[in-house]
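In case you want the letters, here they are:
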Amino acid sequence: MQFLKQFLFFLVVISIISFIDSYYLGAGITGIDDGNIFLNYAHHLAHGDGFVFNTNGEHVEGFTSFLWVIICAGAYLITANPELLLICFSLLLTTLVFTNIYRAIYKDVAILYPSFSKYFFWLYTAFIITIGPSFIAWSVLSLMENALWNFAFSLLLILVLSTVEAGSVSFKTKSALIISGCLLSLIRPEALAWNLVFTVILCYTFIQNKRRLFFPLLYFVSFAVIEICLTLFRLHYFGYRFPNTYYAKISPDRLYNLTEGAKYALSFITGYQPVISFLFVLMTIVLLYAVFKLKILFKQKDDKLANSSIVKKFAIVTVIIWIGFLLPCTTGGDHFGGFRFYQHLLPLFAWGIVVMLWVYKYYRNSNRNISVIGFATVIIFLLVIALNNLAELKSPAKTQMNFEFLLARQDRELAAHLNKTFSIKPSVGKIAIGGFGLIYEGETVDLMGLNNIAMGHSPGDRKGIKNHAAFNKDIFYTLKPDVLLPQAVTDLNEAHIVYFGLIDANNFDNQAMKNIFNDAAFQKLYLPVYLYDIKNNTGYFLFAGIDFIDRLKNNADFIISIINS
């Protein structure tokens, strides 16, 4: 009953944040553009087409979460428009994340300071509100797999932490651990790394409590079997070991990935949010103090004065945060706003409250001078703030979340208009293809390669615009879509403005496509045109292939105006 009350309260809080986020970002229920990619695959899967991006297209893994695609496909079997259903599902999962973490932390708070435990509920609620805006946008509104990943990851961590306590581990806990670890492998590729980390932690907790290592070994074998089966399926069905997104996004230059990833990590810790930065510094310093000064992590008997079992728990959480902090460095970080790769770590900073209580209690009970913890925390935190101010002096533009939602919605509308305009659907080359590909009834050619094997596996260093560097001109001329980068415009004058914007050297699309618009080879094959659809009273700017223009010349339903440079 207590769990239900807590769950319902957090559900109300998160729902309110979701409504505020949705209104502020103009999110609606369409999700972000990449979320629509999941819906595209799910729609085809639910209709028996398999894992394809285009109807009757190639088998391609242009997504990073098998389980989320399957869940979305199940939603399509319930309703033809599953967006609201998936948002509600994500809302419930996100609420479970915060409820489970609250209950796990509350036990330690009650041990440390029973008199404070009645205030902890409200402090924790304030913490949710603090991290809420970006976390809820990603976890609830994006239509991405974040909520599913956050739930499985946080549940697995809580179960692992429960093995710190002395005594035997119940069959229920062991079963939940294995199921959670196997599910994690089906949600994201990086689950392999995380399951290895959790295996090591389980070995540590079992050795500390003088248990047999049979279960950690069983846990390892369980997720390893899932990983092997998943890899074999990929090789058989798609022909490649990793998702197509890996080949399209990740540079083969490891030093470049580390450099870009380090920038991403530093940007998060210095510029995301002062509260998170402070807790990160505090938890790190206390971890070092507990390990090297008190040596609590290596004590098998519980130190009542220092509450070593509680220290071990928040030390493990801090280690997990650090590993999660460093993992994106191996792939070069990400381009999205809100630090998508770090979202699952944000709720874990709630253990920082336990750290602060432990420091206060230990200071009072031990009569030891541990002011060094407070002094070091303040100094390093101030340095972090200073680094942020320095970085802002020379900071690249960041993708804003409202743009991600807007892009999906606008491209859905554009695809719907093109469906009405053309009875015979031309192939369309696009950079952002989530919302567009979901609605468009013809072939969508992914110019960035995430959902196109030829472009995704094209030669190149994958350096430049993060996650948008796979474009290859030779592959493009092989794919040769009928039209390129269509945009709805009101008249010929607006079409001119769009065109001259695209050929500018600083234009995003032009940079992503390696300045192809100014190549003589491109200009022989494509012309910038204003296409007016008389029947539907709609106009478009687009690069049209010469053959496509020839097909439309004698069609009385269209007026074609070539844009002169």
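Quick caveat, the model's predicted, so the values are computed rather than measured.

A. Main features of the pattern of salt bridges. In this structure the tally under the stated criterion is 15 salt bridges. Where Glu61 meets Arg234, a salt bridge forms, and the shortest distance between an N and an O atom there is 2.9 Å. On the criterion of sequence distance, the pair formed by Glu61 in the loop between helix H2 (33-46) and helix H3 (66-78) and Arg234 in helix H9 (residues 214-237) is long-range, its members being 173 residues apart. Judged by relative accessible area, which is 2%, Glu61 ranks as buried. For Arg234, a relative accessible area of 7% puts it in the buried group.

B. Region of the structure containing the pairing of strand S5 (residues 538-545). Most of S5 is tucked away: 8 of the 8 residues are buried. Here S5 shows a buried face lined by Thr538, Tyr540, Leu542 and Ala544 and a second buried face lined by Gly539, Phe541, Phe543 and Gly545. Direction of pairing for strand S3 (residues 483-489) relative to S5: antiparallel, over a ladder of 5 bridges. Its bridge partner being in S5, Gln487 is matched across the sheet by Phe541. Pairing between strand S4 (residues 526-533) and S5: 8 bridges, direction antiparallel. Across the sheet, the residue bridging to Leu527 is Ala544, located in S5. Hairpin connection of S4 to S5: 4 residues between the antiparallel strands, including Asn537 at a positive phi of 55 degrees.

C. Here's a closer look at the packing of aromatic side chains. Scanning the entire structure with this criterion turns up 71 aromatic pairs. Centroid distance Phe9 to Trp122: 5.6 Å. Interplanar angle 90 degrees. Geometry classified as edge-to-face. Here Phe9 is found in helix H1 (residues 2-25), whereas its partner Trp122 is found in helix H5 (residues 117-141), with 113 residues between them in sequence. Judged by its relative accessible area of 27%, Phe9 is partly exposed. Aromatic side chains Trp149 and Phe153 sit 5.9 Å apart centroid to centroid with 25 degrees between the ring planes, which places their arrangement in the stacked category. Placement of the pair is Trp149 and Phe153 together in helix H6 (residues 146-162), with a separation of 4 residues, close to one helical turn. In this pair, the class of Trp149 matches that of Phe153, namely buried. By the ring-pair criterion, three or more aromatic residues cluster together here, those being Tyr264, Phe268, Tyr272, Phe280, Trp322, Phe325, Phe339, Phe341, Tyr342 and Phe349. The ring of Phe206 carries the charged tip of Arg211 above its face, separated from the ring centre by 5.0 Å.

D. A nonpolar patch on the surface, seen in detail. A contiguous nonpolar patch, built from Leu192, Leu196, Leu217, Phe220, Val221 and Val225 and spanning about 490 Å² of accessible area, is present on the exposed surface. Put simply, the parts of the chain that give the nonpolar patch at least two residues each are helix H8 (191-208) and H9. Examining the composition of the nonpolar patch, we find that 4 residues originate from one element, H9, more than from any other. Checked against the element boundaries, Val225 lands in helix H9. Overall, Val225 belongs to the partly exposed group, its relative accessible area being 42%.

E. Just the environment of Ala27, in detail. Along the polypeptide, Ala27 turns up in the loop between H1 and H2. Overall, Ala27 belongs to the buried group, its relative accessible area being 0%. The sequence separation of Ala27 and Phe238 amounts to 211 residues, and the corresponding C-alpha distance is 33 Å.

F. Just the sheet that holds S5, in detail. Pairing in this open sheet of 6 strands is mixed, and the strands run S2-S1-S3-S5-S4-S6 from one edge to the other. Two strands in the sheet have a free side with no partner beyond their single neighbour: strand S2 (444-446) and strand S6 (558-562). Sheet twist, expressed as the average angle between the axes of neighbouring strands with direction ignored, equals 40 degrees. Strands in contact with helix H16 (residues 401-421) are strand S1 (428-430), S3, S4, S5 and S6; relative to S5, the strand with the most contacts, it is inclined by about 85 degrees.

G. The arrangement of helix H7 (residues 171-187) in detail. When the terminal C-alpha atoms of H7 are compared, their 24 Å separation across 17 residues agrees well with the 24 Å that a helix rising 1.5 Å per residue should span. All buried positions along H7 are accounted for by Thr173, Leu177, Ile178, Ser180, Gly181, Cys182, Leu184, Ser185 and Ile187.

The rules behind the values
Residues numbered from 1 in each chain as written. Predicted model: local features only at pLDDT ≥ 70, side-chain atom pairs only at ≥ 80, totals over all residues. Heavy atoms only, no water. Salt bridge = Lys/Arg side-chain N within 4 Å of Asp/Glu carboxyl O. Helix = DSSP H or I, 4+ residues; strand = E, 2+ residues; numbered from the N terminus. Buried < 20%, exposed > 50% of the residue type's maximum accessible area, 1.4 Å probe, protein only. Pairing = 2+ DSSP bridges. Phe/Tyr/Trp six-rings, centres within 6.5 Å; stacked < 30°, edge-to-face > 60°. Lys NZ or Arg CZ within 6 Å of the ring centre and 35° of its normal. Patch = residues over 30% accessible without salt bridge, like charges linked within 9 Å, V, L, I, M, F, W, Y side chains within 5 Å. Areas by Shrake-Rupley, 256 points an atom, 1.4 Å probe, with all protein chains shown as cover. Axes fitted to C-alpha atoms, helices over the stretch in contact; angles between N-to-C directions. Contact = heavy atoms within 4.5 Å. Expected span 1.5 Å × (residues − 1).

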